[in-house]
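# Inside the fold
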Amino acid sequence: MRDFAALYEALDASTATGAKLAALVAGLRAAAPEDAAWAVYLLAGGKPRQAVPTARLRAAACAAAGLPDWLFDECYQAAGDLAETIAHVVPPSAEPHSSAGLGLAHWMEQHVLTLRGLPPAEQEARLVADLKGLDPLGRFLFVKLIGGGFRVGVSRLLVQRALAELAGVDPPRMAERMVGFTDARRAPTAADWQALLAPDAAGAPRGGQPYPFFLAHALEVEPSIPALGPAADWLVEWKYDGIRAQVVRRGGQCWIWSRGEELVSDRFPEVMALAAAWPEGLVLDGELLAWGADAPAPQPFQALQRRIARKSLTKKLLAEVPVRFVAYDLLEQDGADARARPQTERRAALLDLAARVPGLAVSPRLEPPADLGGPAAWSWLAERREEARERGVEGLMLKHHQARYGSGRSKAEGVWWKWKVEPLVADAVLVYAQAGHGRRSGLYTDYTFALWNRPPHAAAEAQAVVEAIARRVPAPRDDAQALQLVPFAKAYSGLSDEEFRAVDREIRARTLEKFGPVRSVVPTLVFELGFEAVNASPRHKSGVAVRFPRMLRIRHDKPLWQADTLQMVRALARGTA
């Protein structure tokens with residue numbers, strides 16, 4: 001643990017890419033193979049399942065520190081991070097832990113992962129002993145590893161560069177070797193580490209290993225000839241809102257990998273059955289969508305999540321959420337890597353394959369009419385983009401005809417652009433706030449927003465509601481028509497540091513009550529929120545769930561009584577607003 005803590009300190013101490021890369025190379029080179037394997041897993045984004053419930057971890061920390069719950073909570077509020085709080089408040093033991101000098105693999109496999117499933121009393125006893133026997137940095141890392149919240153300022157790409165340097169191979173080749181390395185359902189081993197550094201061998205990945213996913217860049221300008229050249233130079237497709245996936249067919253078997261490098265084959269039996277009839281040596285990139293055979297458009301992403309969340313797939317669920325795989329790229333054919341071929345060649349090969357393989361769906365191409373050229377062609381595509389939401393998609397994908405299939409979000413192989421529709425918006429009222437984490441731990445930056453349950457008749461009616469909230473008078477439960485503010489979304493991004501500080505001052509001045517880390521506030525501020533989609537949700541009091549909410553701006557110009565209503569947002573869910 002000490003060696004990994006030293007590597008963490010070196011990475012955390014610098015913002016320079018060169019210094020981080022040098023620290024990674026040195027730290028990994030010096031580590032034992034089993035420790036290096038776990039370090040790569042964690043630094044590249046691997047997250048083991050949470051080993052201990054947070055409440056039990058807090059209870060163990062209170063016991064180890066000899067603090068009452070209320071005092072620990074006050075410390076947590078000041079620090080803003082649970083691991084940092086525990087690292088500071090737990091006193092060190094007179095004797096260091098007997099395993100303090102052992103490696104990361106030992107701590108992960110004998111102290112972290114073995115906690116899961118133990119009786120609560122035994123869990124707490126072991127936690128107290130481990131926390132007391134570590135130094136502050138060791139405690140901090142131990143808690144992060146237990147809770148699955150470990151992170152440091154290192155990208156997966158930088159880890160790949162470090163490994164490529166150690167192995168003497170190109171970074172793209174190392175990216176291929178690392179696919180699946182951070183799968184949460186398996187623990188990395190010394191053999192995995194040795195495979196990463198093995199001498200290079202030509203040929204496509206074997207077994208069920210997919211390729212690194214090629215990621216698109218957000219298009220921040222309107223497409224035009226000056227910006228992108230003629231529309232005819234681009235393959236244009238719908239941008240689906242599903243689960244990005246690669247389907248691998250090799251050696252008489254099939255595998256389905258998500259973009260997060262999780263093996264999800266068991267979640268989609270109908271796709272597995274279809275892929276079983278594909279030719280050998282085939283890898284396709286595409287989208288998993290909740291989309292029945294007779295439906296005009298895919299179901300919302302929320303429906304697809306039900307297939308991921310359930311432990312068992314019932315016949316009822318399979319019927320309610322049928323899934324299809326829509327392919328939009330061919331990465332391997334007849335066992336040969338096709339990624340270096342231009343986009344047009346890969347597309348032609350994919351269409352030829354679909355003509356010969358029953359049931360293989362290919363993402364349709366959007367082509368302007370032949371008589372439209374120049375700016376008119378881009379205008380035609382812009383009109384199609386406006387149809388995106390009614391088609392159940394997020395916008396358009398633009399892929400240059402000469403682009404090769406790259407690795408990650410790199411422009412070296414060519415470019416894919418995602419041209420998404422403008423976000424849905426609603427003006428909402430700030431009603432709850434919670435302190436942020438990390439560098440924002442001293443500020444209230446995580447907000448809960450509410451909408452009116454119906455339009456206020458006038459400003460005075462809305463003001464009466466605000467005054468009742470300030471007096472802590474609960475809203476009447478037996479009067480459905482009584483005006484009230486109903487929470488509907490949480491957001492923590494979109495404002496500048498200066499704006500967050502200004503809102504923090506308002507929150508502290510207008511606090512009504514504290515509920516642990518959360519403060520309720522007198523409603524005074526209106527924010528414009530943006531979100532990608534809104535769906536009906538019986539689990540929420542508001543009856544809706546929004547996707548990717550973020551703050552667009554503070555509406556100082558908008559009075560409280562003119563904030564939006566639940567009816568308006570529900571209309572967005574129906575596509576009628």
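This brings us to the sheet that holds strand S10 (residues 416-420). Spatially, the 4 strands line up as an open sheet ordered S1-S10-S9-S2, and their pairing is mixed. The sheet terminates laterally at strand S1 (217-218) and strand S2 (234-240), the two strands that pair on one side only. The pairing of S2 with strand S9 (residues 393-400) spans 7 bridges and is classified as antiparallel. Residue pairing in the sheet places valine 236 in a bridge with leucine 398 of S9. Along the sheet face, helix H18 (residues 375-385) touches S2, S9 and S10 and points at about 55° away from the line of S10.

As a further point, take helix H5 (residues 69-79). Of all the positions in H5, only Phe72, Tyr76 and Ala79 are classed as buried. Across the axial projection of H5, the buried residues extend over an arc of 70°, all falling on one side. What points out from H5, more than 90 degrees from its buried face, is the exposed set Trp70 and Ala78. Its buried side turned inward, H5 meets helix H4 (54-65) and helix H6 (82-89). Count one or two residues on from H5 and you reach glycine 80, which has phi positive near 80°.

The subject of this paragraph is the pattern of salt bridges. Counted according to the given criterion, the structure contains 35 salt bridges. Between lysine 316 and glutamate 320 there is a salt bridge, and its shortest N-O distance comes to 2.6 Å. Residue lysine 316 and its partner glutamate 320 are both found in helix H16 (residues 315-320); the two are separated by 4 residues, about one turn of the helix. Given the relative accessible area of 56%, lysine 316 is considered exposed. Here the salt bridges do not stand alone but share partners, grouping Arg173, Glu176, Asp337 and Arg339 into one network.

Two strands pair when backbone bridges link them, and S1 and S10 are joined in this way by 2 bridges, in the parallel orientation. If you follow histidine 217 over to S10, its bridge partner there is tryptophan 417. Sheet topology note: the S9/S10 ladder contains 5 bridges and is antiparallel. Along S10, the bridge assignment pairs leucine 398 with tryptophan 417.

Backbone geometry at glutamate 261 places phi at a positive 65°, although glycine is not the residue there. Within the secondary structure, glutamate 261 sits in the loop between strand S4 (253-258) and helix H14 (269-275). Positive phi, close to 65°, is recorded for arginine 472, a residue that is not glycine. You can see arginine 472 is positioned in the loop between helix H19 (459-470) and strand S13 (485-491).

Time to look at the side chain of lysine 144. Mapped onto the secondary structure, lysine 144 falls in helix H9 (residues 136-147). The exposure class assigned to lysine 144 is buried, which follows from its relative accessible area of 15%. Leave out the neighbours within four places in its chain, and lysine 144 touches Asp81, Ala83, Gly149 and Phe150.

What follows deals with the packing of H4 against helix H8 (residues 120-132). Two numbers describe how H4 lies on H8: the axes approach to 9 Å, and their chain directions differ by 55°. Overall, the two elements H4 and H8 adopt an arrangement that is oblique. Relative to H8, the crossing made by H4 is right-handed. Between H4 and H8, the contacting residues are Arg56, Leu57, Ala59, Ala60, Ala61, Ala63 and Ala64 on the first element and Pro120, Gln123, Glu124, Leu127, Val128, Leu131 and Lys132 on the second. Residue composition of the contact of H4 with H8, grouped by class: 10 nonpolar, 1 polar and 3 charged.

Looking now at the environment of leucine 381. Residue placement: leucine 381 occurs in helix H18. For the pair leucine 381 and aspartate 497, spaced 116 residues apart in sequence, the C-alpha to C-alpha distance is 37 Å. The contact partners of leucine 381, leaving out residues within four places of it in the chain, are Ala231, Val236, Leu366, Pro368, Leu396 and Trp419.

The subject of this paragraph is the packing of aromatic side chains. In this structure the tally under the stated criterion is 14 aromatic pairs. Their ring planes at 50° and their centres at 6.2 Å tell us that tyrosine 240 and tryptophan 291 sit as a pair that is tilted. Taken together, the positions of tyrosine 240 in strand S2 and tryptophan 291 in the loop between strand S5 (282-290) and helix H15 (301-309) put the pair 51 residues apart, joining distant regions of the chain. When its relative accessible area of 14% is taken as the criterion, tryptophan 291 is described as buried. Through a chain of ring-to-ring contacts, the aromatic side chains of Phe4, Tyr8, Phe140 and Phe150 assemble into a single cluster. Between the NZ or CZ atom of arginine 324 and the centre of the ring of tryptophan 291, over which it lies, the distance is 4.1 Å.

Our focus in this paragraph is empty space enclosed by the protein. A complete count under the given rule lists 3 cavities of 30 Å³ or more for this structure. Of the pockets and cavities examined, the second largest cavity occupies roughly 40 Å³. What lines the second largest cavity is simply Leu430, Glu506, Ile507, Arg510, Val521, Val522, Thr524 and Leu525. Broken down by class, the residue content of the lining of the second largest cavity amounts to 5 nonpolar, 1 polar and 2 charged.

The rules behind these values
- Residue indices begin from 1 for each chain and proceed along its sequence in written order.
- Given that this is a predicted model, residues contribute local features only at a pLDDT of at least 70 and side-chain atom pairs are listed and counted only at 80 or more, while totals for whole chains, interfaces and linings are drawn from all residues.
- Excluding hydrogens and water, the side-chain figures rest on all heavy atoms present in the structure.
- Paired strands are those between which DSSP finds at least two bridges.
- Helix and strand labels come from DSSP, where a helix needs a run of H or I of at least four residues and a strand needs a run of E of at least two; each type is numbered from the N terminus.
- Contacts are assigned to residue pairs that have any heavy atoms within 4.5 Å of one another.
- Every axis in this analysis is a line fitted to C-alpha atoms, fitted for helices over the stretch in contact. Angles between the N-to-C directions lie between 0 and 180 degrees.
- In this scheme, a residue with accessible area under 20% of its type's maximum is buried, one over 50% is exposed, and one in between is partly exposed, where area comes from a 1.4 Å probe on protein chains only.
- Arc definition: it is the arc formed by the directions from the helix axis to the C-beta atoms.
- Salt bridge criterion: a side-chain nitrogen from Lys or Arg within 4 Å of a carboxyl oxygen from Asp or Glu.
- Comment on the angle field: the value is read as roughly parallel under 35 degrees, roughly antiparallel over 145, roughly perpendicular from 65 to 115, and oblique elsewhere.
- Definitions for this section: a left-handed crossing has its near helix turned counterclockwise from the far helix by less than a right angle. A right-handed crossing has that turn clockwise.
- Three categories are distinguished: nonpolar for Ala, Val, Leu, Ile, Met, Phe, Trp, Tyr, Cys and Pro, charged for Asp, Glu, Lys and Arg, and polar for the others, with Gly belonging to the last.
- Between 30 and 60 degrees the pair is tilted, below 30 it is stacked and above 60 it is edge-to-face, where a pair is any two Phe, Tyr or Trp rings, Trp via its six-membered ring, whose centres lie within 6.5 Å.
- Charge over a ring is defined by NZ of Lys or CZ of Arg lying within 6 Å of the ring centre and within 35 degrees of the ring normal.
- Throughout, the protein atoms alone are placed on a 1 Å grid, and a set of points is a cavity if a 1.4 Å probe fits but cannot get out or a pocket if it is open with protein on both sides within 12 Å along at least five of seven lines; lining residues have an atom within 4 Å of a point.
- Grid points are joined across faces, edges and corners, and a volume is the space filled by probe spheres set on the points.

Remember, this is a structural readout, not a statement about activity or role.
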